[in-house]
Structures are given as structure tokens and as C-alpha cells.
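Structural features, examined
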Amino acid sequence: MEHVTERITLARLPSGVEIATTVHTYDGTEDGPTVYVQAAQHGREVNGTETLRRVHDRLLDSDLSGRIVAVPVADPLTFDRVSYTTPEQLDSVNPNMNRVWPGDPEGTLHERMAARLWEYAREADAIVDLHTGSPDMLTHVVFMEGHEGSRNLAEAFGSDLLLSEEAGDDADDEWAARDFGGKLRVAANEEAIPTITPELAHSKQIVEDAVETGVVGTLNVFRHLGLLDESVEANGDPTLARNHLGRVTADDSGLFRADPDHAVGDEVEAGEYLGTLYDATTFEPLQEARADRDGILYSLAQEATVTAGDTLLNVAWRRE
Ligand SMILES: [Zn+2]
């Protein structure tokens, strides 16, 4: 196995400062598929970066067949700001890097950055785009509904929830309204590259359980594709569910008290009580949040100060 690192320029800032990142390439002694793995295109989602550090240690003394290309910090701009998106002056058109794939070398800052990384990603036979949800979210893996290769990757990765998501014309109107067509997963699926988006728990903190799920899952993808001559390891207790982007949002602004008797991962029924939003000054209840369908509660807001329209909870449909 041969490991090399390359420092590449993704774009440049107005002052001429280059936005650079490091690309790791692990070349096996035997031939095999190429996998592209990246983390932290939303810079505060650091558990993916820590996952890649541990995977790196494992790969250094492995017998690898094929090639792994890994980018621990896909978006240095948001990484430095510990943020999800960039400030307006850096890219007012596309502040979210995961809405611009496959990018454009002559486009806005984020489009240029994505285009540079896409040169690596598009060569791959499979892609793992490591993200983290919020502390309110169950660790899960997202793949595109109807894309068999991506579903196989998700099953190999593991975690407690495998969530399929429809895309394009099949998806709810909300999908287009939120520019989800520019996600790396969607751009890659359009090129028939199997791709998954693991959402490890938490942002900003290194959370051991989430990172371990990420490490076992990422190695499982390599095992599943034959890059590592090992069998896929059990990783969580995966339930297969379908996300129709349905979510329960705040009708008004106030404080949200999540029902303490519920936690993410719970099986819930449509109409089940999950928390109360109230006026922080008068204590008047504004909204009782209830499950919008039978299924698995995979996010429940714990950050109590909410603004009208914020997501309070998400329930995914269980499927066979
Ligand atoms: Zn993310």
C-alpha cells in the first residue's frame, strides 16, 4: 500500500489567499475499485474528519486492493468558522457547498471548490460523503430511493437507520425548493456512481459513538467493495425507512420543550405527542408538536429557542 498526500487549491479569496486542502490517496498493491470519501463540507461537522483520521491509521498497515481518495476537510471556509454555510461576502449566491455539485470551475466560490473536488469524485466507483446531524438527530445513512448500488453501500455501512430519499421529479416539491438537486449524492447518482451520505450524530464535538459508527461503516464500505479482504462487521441495528422530507415545523416562534419521555430512534404513531411550543413571555402554549405519520422519530429539537418555520421533529416511514 502506498500513501501520498497532495495539497490542492480549491479557489482563491479576494486578497489572493488560496483556499487549500489536503487530499490523501491510498493505492493498493492489487487492483480494485476506487472509493472517494470526504468529510466536513459543512465545516462544523467534525466527526467525519475524526472518522477519516482513524480510518487513515487502519489503512496504513492494511493490504489494500484498489484506491481510496480521502479529503478530511472538503470546505476549509466553513471548517475555520465552525459553521454550516459561508458568510455572505464569501459566496452570497451559494453559501451551502452541498447545493452546488458537481460545481463549476468558472462559477461562484463554492461552485469552484466543488468543481475541483469533483475531479476526484467523478473518477470513483463509489462515494461516501460524511456529514453529521445535530445533537437532536439519530445517526443514520441516506441513499437515493431506487438506486440499488447506493442502497447496497448503505446496507454495508450500517448504523441504526438507513434512510432512502427520493430525488428529482419523484420527490416532494420541498426537494426542489430546498435545492437538494445540488447535493453531492444526487450529482454522483446522476453519473451512476453509488453514493451514501452518513449523518453521524452531533456537530462541533467529537462524539465517540458517532465516530466509531463512522469508522466501522467506512471500513465496511471498503470491505463490501473488496478493497479490504475482510468481512463486513455488524454496525448498529439498521432499520430501513423512507424519508419523504415530511417534517413538523414550528407554527410560531418561542421555546420548545421536547417531551422528555421520547428520544430519537423511538417508534411513534401518527398524532403522538412529542412536545410543546410556548410563548416564552406569557407561557401561553402556541403549538403541540405531534408525529405527522407512523414511523421512526429520527430528529427531535433539543435546542429550545425556535423561530417560526424551524424543524421540530422528523419521522421516517418504516419499510421492509
Ligand atoms: Zn452536513
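Residues numbered from 1 in each chain as written. Predicted model: local features only at pLDDT ≥ 70, side-chain atom pairs only at ≥ 80, totals over all residues. Heavy atoms only, no water.

**Topic: unusual backbone geometry**
Cis geometry marks the peptide bond from tryptophan 101 to proline 102, where omega comes out at 5 degrees. Position of proline 102 among the secondary structure elements: in the loop between helix H2 (76-81) and helix H3 (109-121). Backbone geometry at valine 82 places phi at a positive 50 degrees, although glycine is not the residue there. With respect to the helices and strands, valine 82 occurs in the loop between H2 and H3. By relative accessible area, which is 42% here, valine 82 ends up partly exposed. Of note in this structure, aspartate 179 is not a glycine but carries a positive phi near 60 degrees. Positionally, aspartate 179 belongs in the loop between helix H5 (173-177) and helix H6 (184-190). (Helix = DSSP H or I, 4+ residues; strand = E, 2+ residues; numbered from the N terminus. Buried < 20%, exposed > 50% of the residue type's maximum accessible area, 1.4 Å probe, protein only.)

**Some details on the domain arrangement of the protein chain**
Looking at the assigned domains, one finds that the protein chain contains domain 1 (2-242) and domain 2 (246-318). A C-alpha centroid distance of 29 Å is found between domain 1 and domain 2. Counting residues at the interface gives 12 residues for domain 1 and 14 residues for domain 2. Of the roughly 1000 Å² buried between domain 1 and domain 2, counting both surfaces, carbon and sulfur atoms make up 60%. In terms of surface lost to domain 2, no three residues of domain 1 exceed Asp136, Leu138 and Arg242, which account for 46% of the buried area on that side. Across the domain 1-domain 2 interface, the total number found is 0 salt bridges. (Domains from an automatic or database assignment. Contact = heavy atoms within 4.5 Å. Buried area = accessible area lost by both parts, 1.4 Å probe. Salt bridge = Lys/Arg side-chain N within 4 Å of Asp/Glu carboxyl O.)

**Here we look at the sheet that holds strand S14 (residues 285-290)**
In space, the 4 strands of this open sheet follow the order S14-S13-S11-S16, with antiparallel pairing throughout. With one partner strand each, in any of the chains shown, S14 and strand S16 (305-306) form the two edges of the open sheet. Bridge analysis of strand S11 (residues 254-258) against S16 gives 2 bridges, and the strand direction is antiparallel. In the sheet register, glycine 254 faces S16, and the bridge partner there is valine 306. (Pairing = 2+ DSSP bridges.)

**What to know about the pattern of salt bridges**
Side chains bearing opposite charge may pair, as long as their charged atoms lie close to each other. Using the criterion set out here, one finds 18 salt bridges in the structure. One salt bridge in this structure joins aspartate 27 and arginine 67, with 2.9 Å as the shortest N-O distance. In this pair, aspartate 27 sits in strand S2 (residues 18-27) while arginine 67 sits in strand S4 (residues 65-71), placing the two residues 40 residues apart along the sequence. Residue arginine 122 is joined to glutamate 123 by a salt bridge in which the shortest nitrogen-to-oxygen separation is 3.7 Å. Each of Glu50, Arg53, Arg54, Glu208 and Glu212 takes part in salt bridges that share partners, so that together they form one network.

**Quick look at the coordination of the zinc ion**
Tetrahedral metal sites with four donors have an ideal angle of 109.5 degrees; octahedral sites with six donors have ideal angles of 90 or 180 degrees. For the zinc ion, the full set of protein donor atoms is His42 (ND1), Glu45 (OE), Glu45 (OE) and His131 (ND1), at a range of 2.1 to 2.4 Å. Each of the 4 donor atoms bound to the zinc ion contributes to angles spanning 56 to 149 degrees, and the resulting shape is irregular. Positions of the donor residues of the zinc ion along the chain correspond to the pattern H-x2-E-x85-H. One end of the pair, histidine 42, is in the loop between strand S3 (30-39) and helix H1 (47-60); the other, histidine 131, is in strand S5 (residues 126-132), with 89 residues separating them in the sequence. (Donors = N, O, S within 2.8 Å, 3.2 Å for Na, K, Ca; no water. Tetrahedral: all angles 85-135°; square planar, octahedral: opposite > 155°, others 65-115°.)

**Things to note about the environment of alanine 121**
Within the secondary structure, alanine 121 sits in helix H3. With a relative accessible area of 0%, alanine 121 lands in the buried category. Aside from chain neighbours lying at most four places away, what touches alanine 121 is Tyr36, Ile127 and Ile193.

**Some thoughts on the packing of aromatic side chains**
Scanning the entire structure with this criterion turns up 0 aromatic pairs. Positioned over the ring face of phenylalanine 180 is lysine 183, at 3.8 Å from the centre of the ring. (Phe/Tyr/Trp six-rings, centres within 6.5 Å; stacked < 30°, edge-to-face > 60°. Lys NZ or Arg CZ within 6 Å of the ring centre and 35° of its normal.)

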